[in-house]
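Listed below, chain by chain, are the residues.
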Amino acid sequence: FGGLAIILVHNRWETVPEILVSIMGWGAFLKGLLRFLAPQLAQTILPKITASPSFKLYGVALLVWGGAMSYLGYA
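Note that the structure is predicted; figures quoted are calculated from it, not measured. (Residues numbered from 1 in each chain as written. Predicted model: local features only at pLDDT ≥ 70, side-chain atom pairs only at ≥ 80, totals over all residues. Heavy atoms only, no water.)

**Q** When you look at the overall build of the chain in this model, what are you seeing that I'm missing?
**A** Regarding its fold elements, the chain presents 4 helices and 0 strands. Along the chain, helices (α) and strands (β) appear in the sequence α-α-α-α when read from the amino end. Across the 75 residues of the chain, 11% fall into the buried class. Taking the contacts inside the chain whose residues are at least 6 apart along the sequence as the reference set, 27% of them involve residues at least 24 apart. Here the chain has roughly 5900 Å² of accessible surface; of this, 74% comes from carbon and sulfur atoms. (Helix = DSSP H or I, 4+ residues; strand = E, 2+ residues; numbered from the N terminus. Buried < 20%, exposed > 50% of the residue type's maximum accessible area, 1.4 Å probe, protein only. Contact = heavy atoms within 4.5 Å. Areas by Shrake-Rupley, 256 points an atom, 1.4 Å probe, with all protein chains shown as cover.)

Written as structure tokens, this is what we have:
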């Protein structure tokens, strides 16, 4: 439901930060939709994706990006 909430509240495509937030919202929505519509497929695909070493680096990058977006949003 988090991705859908982001899409409904913030689906803007004008500046780079807005585009990045919108892309993340759509990605979360599609992942949730996959888990809802095809749970067996999601159970076979998602663990393979999350087991890769680059996924951990991606997670760290998202934390840094989230911190930067929070700073820009509140500063």
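After presenting the structure, the write-up continues.
**Q** Explain the packing of helix α2 (residues 16-37) against helix α3 (residues 39-50) to me, please; I cannot follow it from the model alone.
**A** A pair of packed helices can be characterised by two numbers: the angle between their axes and the separation between those axes. Following both chains from N to C, one finds α2 and α3 inclined at 125 degrees, their axes separated by 5 Å at the closest point. The orientation of α2 relative to α3 falls into the category oblique. Counting all contacts with α2, which are made through Lys 31, Leu 34, Arg 35, Phe 36 and Leu 37, the residues of α3 involved are Pro 39, Leu 41, Ala 42 and Leu 46. (Axes fitted to C-alpha atoms, helices over the stretch in contact; angles between N-to-C directions. Parallel < 35°, antiparallel > 145°, perpendicular 65-115°, else oblique.)

**Q** What's the story with the side chain of His 10 in this structure? I'm lost.
**A** When you line up the elements, His 10 lands in the loop between α1 (2-9) and α2. Setting aside its immediate chain neighbours within four residues, His 10 contacts Glu 18, Val 21 and Ser 22.

**Q** Where do I start with a nonpolar patch on the surface in this structure?
**A** A cluster of nonpolar side chains, contributed by Trp 13, Ile 23, Trp 26, Leu 30, Leu 33, Phe 36 and Leu 37, occupies part of the molecular surface with about 770 Å² of accessible area. The residue Trp 26 is located in helix α2 in this model. Looking at Trp 26, the relative accessible area reads 32%, which means it is partly exposed. (Patch = residues over 30% accessible without salt bridge, like charges linked within 9 Å, V, L, I, M, F, W, Y side chains within 5 Å. Salt bridge = Lys/Arg side-chain N within 4 Å of Asp/Glu carboxyl O.)

**Q** Quick question: what am I supposed to make of the packing of aromatic side chains here?
**A** Following the criterion strictly, the structure yields 1 aromatic pair and no others. Here Trp 26 and Phe 29 contribute two aromatic rings whose centre-to-centre distance is 5.8 Å and whose plane-to-plane angle is 90 degrees, an arrangement assigned as edge-to-face. Highlighted residues: Trp 26 and Phe 29, both in helix α2, separated by 3 residues, approximately one helical turn. (Phe/Tyr/Trp six-rings, centres within 6.5 Å; stacked < 30°, edge-to-face > 60°.)

**Q** Hey, could you run me through the side chain of Glu 18 in this one?
**A** As for its position among the elements, Glu 18 is in helix α2. The side chain of Glu 18 sits in the buried core without any salt bridge; Arg 12 is the nearest counter-charge, 4.4 Å away. For Glu 18, the residues in contact, after removing those within four places along its chain, are His 10 and Arg 12. (Lys, Arg positive; Asp, Glu negative; His and termini not counted.)

**Q** Just checking my understanding: could you explain the packing of α2 against helix α4 (residues 53-74) for this structure?
**A** Running from amino to carboxyl end, α2 crosses α4 at an angle of 130 degrees, the nearest separation of the two axes being 12 Å. Considering their axes alone, α2 and α4 lie oblique with respect to each other. Crossing handedness for the pair α2 and α4: left-handed. Here Pro 17, Leu 20, Val 21 and Met 24 of α2 come into contact with α4, specifically with Tyr 58, Leu 62, Trp 65 and Met 69. When the residues that make up the contact of α2 with α4 are grouped by side-chain class, the tally is 8 nonpolar, no polar and no charged. (Left-handed = near helix turned anticlockwise from the far one by under 90°. Nonpolar A, V, L, I, M, F, W, Y, C, P; charged D, E, K, R; others polar.)

Purely geometric numbers; function is a separate question.
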